[in-house]
Amino acid sequence: MIEKDIVYQLVREGLAGTDCFIVDVQVKPGNVIIVEIDNKEGVDIDRCVSLHRFIESHLDRDIEDYELEVGSAGITSPFKVIEQYQKNIGNEVEVLTKAGMKLNGILKSVSDDKFVVTIIKKVKTETSKRKVEVEEDLTFGYDEIKYTKYLIRFK
């Protein structure tokens, strides 16, 4: 079986000098290799083809056969790396915590160990009869959540 570390290193070399980053590299049984990449503007097909050819040129099918898929991280897929969080600062995201709380909000900031989401909630104030909307910043450690993903809304 082809080693994941070897493929990961090839992807790093293939992306060197570009604005792309690695989201995920998997090597499944039967040597099915799946590579996901991304960048701040989104990945086009030419970048995927170029990386596919680079990886293919460094692996020998005569020694070990494989299947190779290179693509961009799906827009509805959960974030896997911190660069995806950074890319989506200012965008609306959906967060599901390990405690089971699901919320939608704007991704406000990101650091190495946590991120902040601004949510809007309705609260009753002493001065008004109706509930008013207020913003609240919630901070989460990456280890506290099941997933975070970009939220698509059709209006």
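Residues numbered from 1 in each chain as written. Predicted model: local features only at pLDDT ≥ 70, side-chain atom pairs only at ≥ 80, totals over all residues. Heavy atoms only, no water.

**As for the overall build of the chain**
What counts here: Per the convention used, a helix needs a DSSP run of H or I reaching at least four residues, while a strand needs a run of E reaching at least two, with both numbered from the N terminus. Radius of gyration: C-alpha atoms only; globule rule: 2.2 Å multiplied by the number of residues to the exponent 0.38. Residue burial is assigned from relative accessible area. The probe radius is 1.4 Å, only protein chains are included, and a residue is buried under 20% of its type maximum, exposed over 50%, and partly exposed in between.
When its secondary structure is counted, the chain shows three helices and eight strands. Listing the helices and strands of the chain from first to last along the sequence gives α-β-β-α-β-α-β-β-β-β-β. Rg of the C-alpha trace for the chain: 20 Å, well past the compact-globule value of 15 Å for 155 residues, more than 25% over. Across its three principal axes, the chain shows a C-alpha extent of roughly 75 × 30 × 30 Å. Residues counted as buried form 36% of the 155 residues belonging to the chain.

**Focus: the sheet that holds strand β4 (residues 92-97)**
Put simply, the test is: Criterion used throughout: strands pair if DSSP finds at least two bridges between them. Axis lines are fitted to C-alpha atoms, over the contacting stretch for helices. Their N-to-C directions set the angle, which ranges from 0 to 180 degrees.
Strand order in the open sheet made by the five strands is β7-β6-β5-β4-β8, with antiparallel pairing throughout. This sheet does not close on itself; its edge strands, each paired only once, are β7 (131-141) and β8 (145-150). Across the sheet, the mean angle separating the axes of adjacent strands is 40° when strand polarity is ignored. Pairing analysis gives four bridges linking strand β5 (residues 102-110) to strand β6 (residues 114-124), with the strands arranged antiparallel. Of the residues in β6, the one forming a bridge with Leu107 is Val117.

**Details of the side chain of Gln84**
How we decide: Polar contacts, as counted here, are pairs of nitrogen or oxygen atoms within 3.5 Å of one another; within protein the pair requires one atom able to donate a hydrogen and one able to accept it, and residues that are adjacent in sequence qualify only if both atoms are side-chain atoms. It only takes one pair of heavy atoms within 4.5 Å for two residues to be counted as in contact.
When you line up the elements, Gln84 lands in helix α3 (residues 82-87). On the basis of relative accessible area, Gln84 is assigned to the buried category, the value being 3%. A polar side-chain atom of Gln84 sits 2.6 Å from the main-chain amide nitrogen of Lys80. The contacts of Gln84, once residues within four sequence positions are left out, are Phe21, Val23, Asp38, Ala73, Pro78 and Phe79.

**What to know about the sheet that holds strand β3 (residues 67-72)**
Backbone-to-backbone hydrogen bonds pair the strands of a sheet. The strands run either parallel or antiparallel. Ordered in space as β1-β2-β3, the three strands form an open sheet in which the pairing is mixed. Two strands lie at the open edges of the sheet, namely β1 (21-28) and β3, each paired on one side alone. Across the sheet, the mean angle from the axis of one strand to that of its neighbour is 15°, orientation sign disregarded. Relative to β3, strand β2 (residues 32-38) is paired through six bridges, and the arrangement is parallel. Each residue of the ladder has a partner; that of Val35, found in β3, is Val70. The sheet contacts of helix α1 (residues 4-15) involve β1 and β2, and relative to β1 the element is tilted by about 150°. Contacting β2 and β3, helix α2 (residues 45-58) crosses the sheet at an angle of about 150° to β3.

**Some thoughts on the packing of α1 against α2**
Note the threshold: Note on terminology: angles under 35 degrees are roughly parallel, angles over 145 are roughly antiparallel, angles of 65 to 115 are roughly perpendicular, and the others are oblique. Crossing handedness follows the turn of the near helix against the far one: under a right angle anticlockwise gives a left-handed crossing, and clockwise gives a right-handed one.
The interhelical angle for the contact between α1 and α2, taken along N-to-C directions, is 130°, at an axis separation of 9 Å. Taken together, the axes of α1 and α2 are oblique relative to one another. Crossing geometry of α1 relative to α2 is assigned as right-handed. Here Leu10, Val11, Glu13, Gly14 and Leu15 of α1 come into contact with α2, specifically with Leu51, Phe54, Ile55 and His58.

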